[in-house]
Amino acid sequence: MAELKDFAEQLVNLTVKEVNELATILKDEYGIEPAAAAVAVAGPAAGGGDDAADEQTEFDVILTAAGGSKLAVVKLVKELTGLGLKEAKGIVDSAPAAVKEGVSKDEAEGLKKSLEEAGAEVELK
């Protein structure tokens, strides 16, 4: 039981880059789609209790459309996420898609501003 608790704690403390790497491994090696992996990994972190419902502290930055300058948006997504060019292009091509999940309000607003300056359409959830 203690091993499962330790494993759950490791999952909750993963960075966005690590979650993306985990999703890639699950898809490539086990045939599990990344969307399902992201939900499974993000699920335990969302169970913060009743106090968490009062004020949202974590936000998801969702790219809704690449806009007119797709190449600039792909480069910016690559830079912001630490992903490779192919993965960043995949996020932009599959819009609406999450660029980063579970970030602070300030970071989410900064990412939104940067992406909008590059020509993308972005929303925060």
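These numbers come from a predicted model, not from an experiment.

### Here we look at the side chain of K100
With respect to the helices and strands, K100 occurs in strand 2 (residues 97–103). The class of K100 is buried, set by a relative accessible area of 14%. Once you skip the residues sitting within four places of it in the chain, K100 turns out to touch V16, F59, D60, V61, L80, T81, E107 and L111.

### Description of the confidence of the model for the protein chain
Of the residues in the protein chain, 82% have a pLDDT of 70 or more, and the chain-wide mean is 76. Residue range residues 36–42 is modelled with pLDDT below 50. Its contacts to residues more than four positions away, or to other chains, number 7 contacts.

### Things to note about the sheet that holds strand 1 (residues 59–65)
In space, the 3 strands of this open sheet follow the order 2-1-3, with antiparallel pairing throughout. In this open sheet, the two strands that pair with only one neighbour each are strand 2 and strand 3 (121–124). Between one strand axis and the next, the sheet turns through 20° on average, direction left out of account.

### Some words on the nonpolar core
Residues V61, L63, V73, V77, V92, V99 and L115 are the most contacted members of the largest nonpolar core, which totals 22 residues. Counting residues per element, the ones that place at least two in this core are strand 1, helix 5 (70–81), helix 6 (85–93), strand 2 and helix 7 (105–117). Those residues within four positions of V92 in sequence are excluded, and the remaining contacts are L63, A66, K70, V73, V74 and V77.

### Re the pairing of strand 1
Here 4 bridges tie strand 1 to strand 2, and the two strands are oriented antiparallel to one another. From the neighbouring strand, F59 faces strand 2, where its bridge partner is V103. Strand direction decides the pairing type here: strand 1 and strand 3, joined by 4 bridges, are antiparallel. Each residue of the ladder has a partner; that of L63, found in strand 3, is V122.

Scoring rules and cut-offs
- Residues numbered from 1 in each chain as written.
- Predicted model: local features only at pLDDT ≥ 70, side-chain atom pairs only at ≥ 80, totals over all residues.
- Heavy atoms only, no water.
- Helix = DSSP H or I, 4+ residues; strand = E, 2+ residues; numbered from the N terminus.
- Buried < 20%, exposed > 50% of the residue type's maximum accessible area, 1.4 Å probe, protein only.
- Contact = heavy atoms within 4.5 Å.
- pLDDT = per-residue confidence, 0-100.
- Pairing = 2+ DSSP bridges.
- Axes fitted to C-alpha atoms, helices over the stretch in contact; angles between N-to-C directions.
- Core = buried A, V, L, I, M, F, W, Y, C linked by side-chain atoms within 4.5 Å.

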